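Each chain, written out:
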Amino acid sequence: MSQFDLTDDQLQIQEMARKFTADAITPFAAEWDEKHIFPRDTIREAAELGFGSIYVSEESGGIGLGRLEAALIFEAMAYGCPSTSAFISIHNMVCWMIDRFGSAEVKQKHLPSMITMEQMGSYCLTEPSSGSDAAALKTKAVKDGDHYVVSGSKAFISGGGANDVMLVMVRTGEEGPKGISALVIEKDMKGVSFGAQEKKLGWHSQPTSQVNFDEVWVPVANRVGGEGEGFRIAMMGLDGGRLNIGACSLGGGQRCLDEAINYTKGRQQFGHAIADFQATQFTLADMETELQAARCLLYVAAAKVTANAADKTKFAAMAKRLATDTGSSVVDRALQLHGGYGYLMDYPIERFWRDLRVHSILEGTNQIMRVIVSRDMLRQ
């Protein structure tokens, strides 16, 4: 074995995730998409395997794996349904942030039910007027005794209206990143409400809505990290989140490449299988090469995030940018190789085309990924 091979343990984790996907996700994903079904029971079955707390410490009840193992799991589940895999990945990000930065009280209160995914978590950073400029958020938390009074709104929240626990970035101080803190806010707290479910191009198997806070009284004890540390915590969470969403793109891209190989072998035109034409072969070869290259970079970045390497943020940004762009490009070419059939819901390609499109927007747009990388390069 070389340093670039997966270990036996990692291969076993990958195989377990692939088997779960083949049995519990792939056969049902098209129906979830078409009927906008949120598969709570399937998600909780995933949690029984530890997939709700992949890099939550064993001390807190998680399975304590690294970011590469997490990428293997999300890549495997996205082979069946990128939307569901991405939902579980966001929950994992919230769990890790609570485990890593939360007080013993916060961890004891929330993690046991989140690890089983009896309660599910949402990450609340984006607002209607602050997307890429996340540090300009306006949701305000004013301290009143042993509570914060929170007012504002968050946009495009995965799990909005359904999830029980929200990790919310709020302004407790000055303008800019140093005035932001992180609070755990519960769905049933007075003053919490939700907008209508968003009508989306893809990601139909998970709810998405605006979340509104109208003078919500949140105990100071619910703060995760110190006051003013919220933005730093949010960005650390996103290093892992970017890896996860990149892994979802790899899984979706691999599924569509496999579908394209099978389809082109069977589809006859001009008296030959279209896989016999060199134009098709070159397209498939490029798809495979680009997916493998993106996968290698993502796995390296995952190892760096696990090791807390100095260049982890740059590598996570590069990997996210390359994997999400590559996944969408591979799926687009797979659709083209299917011709008109690829455009039909009878085949899975169009679902993956819709689901993967958002990956270059969320967890930081791919333009912002380029900003992160170039800023790091020019700082040296």
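In this report, the structure presented in the accompanying data block is examined. Fair warning: this is a prediction, and the values are worked out from it, not measured in the lab. (Residues numbered from 1 in each chain as written. Predicted model: local features only at pLDDT ≥ 70, side-chain atom pairs only at ≥ 80, totals over all residues. Heavy atoms only, no water.)

1. Some remarks on the packing of aromatic side chains
The line we're drawing: Pairs were defined over the aromatic rings of Phe, Tyr and Trp, the Trp ring being its six-membered one, requiring ring centres within 6.5 Å. Orientation was assigned from the angle between planes: stacked under 30 degrees, edge-to-face over 60, tilted for the rest. Put simply, DSSP H or I for four residues or longer makes a helix, DSSP E for two residues or longer makes a strand, and each gets a number counted from the N terminus. Partly exposed describes any residue whose relative accessible area lies between the buried limit of under 20% and the exposed limit of over 50%, with all areas from a 1.4 Å probe on protein chains only and scaled to the type maximum. Charge over a ring is defined by NZ of Lys or CZ of Arg lying within 6 Å of the ring centre and within 35 degrees of the ring normal.
The tally for this structure, following the rule as stated, stands at seven aromatic pairs. Both rings, one in Phe-20 and one in Phe-51, keep their centres 6.3 Å apart while their planes meet at 85 degrees; by these two values the pair is edge-to-face. Here Phe-51 lies in the loop between helix H3 (40-48) and helix H4 (67-78) and Phe-20 lies in helix H1 (residues 8-25), a separation of 31 residues in the sequence. By the burial criterion, Phe-20 is buried, and Phe-51 matches it. Ring geometry for Tyr-263 against Tyr-341: centres 6.5 Å apart, planes inclined by 55 degrees, an arrangement best described as tilted. Taken together, the positions of Tyr-263 in helix H7 (residues 230-266) and Tyr-341 in the loop between helix H9 (312-338) and helix H10 (349-357) put the pair 78 residues apart, joining distant regions of the chain. One aromatic cluster is present, built from ring pairs that chain together Tyr-263, Tyr-341 and Tyr-347. Sitting above the plane of the Trp-96 ring, Arg-67 keeps its charged end 4.8 Å from the centroid. One residue, Lys-304, lies across the ring of Phe-315, its end atom 4.5 Å from the ring centre.

2. Some words on the layout of surface pockets
Put simply, the test is: Of the grid points, spaced at 1 Å and generated over the protein atoms alone, those admitting a 1.4 Å probe that cannot get out make up cavities, while open sets with protein on both sides within 12 Å along at least five of seven lines make up pockets; any residue with an atom within 4 Å of a point is treated as lining. Grid points are joined across faces, edges and corners, and a volume is the space filled by probe spheres set on the points. When residues are sorted by character, Ala, Val, Leu, Ile, Met, Phe, Trp, Tyr, Cys and Pro go into the nonpolar class, Asp, Glu, Lys and Arg into the charged class, and all the rest, Gly among them, into the polar class.
Considered as a void within the structure, the largest pocket measures approximately 1200 Å³ in volume. Taken together, 45 residues make up the lining of the largest pocket; nearest its centre are Thr-126, Ile-361, Leu-362, Glu-363 and Gly-364. Those elements that provide at least two residues to the lining of the largest pocket are helix H5 (82-101), strand E3 (147-158), H7, H9, H10 and helix H11 (366-379). Grouping the amino acids of the lining of the largest pocket by side-chain chemistry returns 22 nonpolar, nine polar and 14 charged. Taken together, 13 residues line the second largest pocket, and the ones lying closest to its centre are Gln-3, Phe-4, Asp-5, Tyr-299 and Val-300. The leading source of residues in the lining of the second largest pocket is helix H8 (residues 278-306), at six residues. Considered class by class, the residues forming the lining of the second largest pocket number seven nonpolar, four polar and two charged.

3. Side note on the packing of H4 against H8
The condition is simple: A fitted line through C-alpha atoms serves as each axis, taken over the contacting stretch for helices, and the angle formed by two N-to-C directions is quoted from 0 to 180°. Every angle not falling under 35 degrees, over 145, or within 65 to 115 is termed oblique; those three ranges are roughly parallel, roughly antiparallel and roughly perpendicular. For this analysis, residues touch if any pair of their heavy atoms sits within 4.5 Å.
Following both chains from N to C, one finds H4 and H8 inclined at 140 degrees, their axes separated by 7 Å at the closest point. Considering the angle they form, H4 stands oblique to H8. Mapping the contact onto sequence places Arg-67, Leu-68, Ala-71, Leu-72 and Glu-75 in H4 and Arg-295, Leu-298, Tyr-299, Ala-302, Val-305 and Thr-306 in H8. Of the residues assigned to the contact of H4 with H8, the class counts are seven nonpolar, one polar and three charged.

Read these as layout, nothing more, since geometry by itself doesn't imply function.
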